[in-house]
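Residue-level listing of the chains:
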Amino acid sequence: MQVFSARLGFEVEAELTDDRIAAILDALDRYSPAISYGPGSLSIRISVEDQSINHAFTPAYATCIDALTVSGLRRDIDFRLAVVEIATEAELEREISEPPIELVGATELAEMLGVTRQRASTLATSSTFPAPLARLASGPVWLKGSVLRFASEWERRPGRPRKKEAV
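Criteria and cut-off values
- Residues numbered from 1 in each chain as written.
- Predicted model: local features only at pLDDT ≥ 70, side-chain atom pairs only at ≥ 80, totals over all residues.
- Heavy atoms only, no water.
- Phe/Tyr/Trp six-rings, centres within 6.5 Å; stacked < 30°, edge-to-face > 60°.
- Helix = DSSP H or I, 4+ residues; strand = E, 2+ residues; numbered from the N terminus.
- Buried < 20%, exposed > 50% of the residue type's maximum accessible area, 1.4 Å probe, protein only.
- Salt bridge = Lys/Arg side-chain N within 4 Å of Asp/Glu carboxyl O.
- Arc of directions from axis to C-beta.
- Contact = heavy atoms within 4.5 Å.
- Patch = residues over 30% accessible without salt bridge, like charges linked within 9 Å, V, L, I, M, F, W, Y side chains within 5 Å.
- Areas by Shrake-Rupley, 256 points an atom, 1.4 Å probe, with all protein chains shown as cover.
- Axes fitted to C-alpha atoms, helices over the stretch in contact; angles between N-to-C directions.
- Parallel < 35°, antiparallel > 145°, perpendicular 65-115°, else oblique.
- Left-handed = near helix turned anticlockwise from the far one by under 90°.
- Nonpolar A, V, L, I, M, F, W, Y, C, P; charged D, E, K, R; others polar.
- Pairing = 2+ DSSP bridges.

Looking at this structure, how should I read the packing of aromatic side chains?
For the structure shown, the criterion picks out 5 aromatic pairs. Relative to Y61, the ring of F57 lies with its centre 5.3 Å away and its plane at 25 degrees, an arrangement referred to as stacked. Here Y61 and F57 lie together in helix α2 (residues 53–70), a separation of 4 residues that amounts to about one turn. Y61 gets classed as partly exposed once you look at its relative accessible area, which sits at 21%. Their ring planes at 25 degrees and their centres at 5.9 Å tell us that F150 and W154 sit as a pair that is stacked. You can call F150 buried: its relative accessible area is 9%. Every member of this aromatic cluster is reached through a ring pair, and the members are F129, W142, F150 and W154.

Would you take a moment to explain the pattern of salt bridges for this structure?
A side chain of one charge can pair with a side chain of the opposite charge when the charged atoms of the two come close. Taken as a whole and judged by the stated rule, the model has 4 salt bridges. A salt bridge links E85 to R7, with the nearest nitrogen and oxygen atoms 3.2 Å apart. On the criterion of sequence distance, the pair formed by E85 in strand β4 (residues 79–88) and R7 in strand β1 (residues 2–12) is long-range, its members being 78 residues apart. With its nearest N and O atoms 3.0 Å apart, the salt bridge here joins D78 to R74.

I would appreciate a short explanation of helix α4 (residues 106–113) in the present structure.
Since the α-helix advances by 3.6 residues per turn, residues separated by three or four positions end up pointing in the same direction. Listed as buried for α4 are A106, L109, A110 and L113. For α4, the angular spread of the buried residues around the axis is 100 degrees, confining them to a single face. Residues of α4 that are buried sit in contact with α5 (117–124), β7 (139–143) and α6 (144–153). Positive phi shows up at G114, right after α4, with a value of about 70 degrees.

Got a minute to help me understand a nonpolar patch on the surface in this structure?
Where nonpolar side chains cluster on the molecular surface, the patch consists of I101, L103, L133 and L143 and spans about 390 Å² of accessible area. Along the chain, L143 turns up in strand β7. L143 sits in the partly exposed class, given a relative accessible area of 32%.

Please clarify how the packing of α4 against α6 should be interpreted in this entry.
In a packed pair of helices, the relevant descriptors are the angle between the two axes and the axis-to-axis distance. Between α4 and α6, whose axes approach to 10 Å, the crossing angle comes to 30 degrees. It follows from the interaxial angle that α4 and α6 lie roughly parallel. As α4 packs across α6, the resulting crossing turns out to be right-handed. Within the contact between the two elements, α4 uses L109, M112 and L113 and α6 uses K144, V147, L148, F150 and A151. Its residues assigned to classes, the contact of α4 with α6 shows 7 nonpolar, no polar and 1 charged.

Even after reading the chapter, I still don't get the sheet that holds β7, so can you show me in this structure?
Remark on secondary structure: sheet strands pair via backbone hydrogen bonds, oriented parallel or antiparallel. Pairing is antiparallel in the open sheet, where 3 strands are placed in the order β5-β7-β6. Strand pairing shows two members of the sheet lacking a second neighbour, β5 (103–104) and β6 (134–136), which therefore form its edges. The pairing of β5 with β7 spans 2 bridges and is classified as antiparallel. Counterpart to V104 in the pairing with β7 is W142. Here α6 sits on the sheet in contact with β5 and β7, set at roughly 80 degrees to β7.

Interpretation in functional terms is not warranted from these geometric data alone.
Below is the structure:
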């Protein structure tokens, strides 16, 4: 027998109250559960023992379904399976130990390039600058690696760029 980490993600129609989450955690207690949830979704990670990764899904699924029904959720009415991930404990440890994705905003961008925030914002609009990973209310964010690659290839010219003359 081998220990596997199983993550099952569910689409949830019913309200996930604190009492309901507590009931799910209690039902899964012996499986080292971890739960994350938000509006319309619930993710459960548990440890299961089985002979192979191909067989680990069945007990993981049955265990999670039992816990959800104990909490008062109705199968196929209140929740539906949406995602399944099963990995060996070694694979999970490797995934957890990977460095996080590093993001930079306008302030970090200016510091990395050694320019003002205003100049960094102008550079970020050029066609040679990497596209932002996302645009948040606070502004765009970039992958740090993309910005470092740009900085290494950027041909910096001293002084201010010339103003274009009106025609």
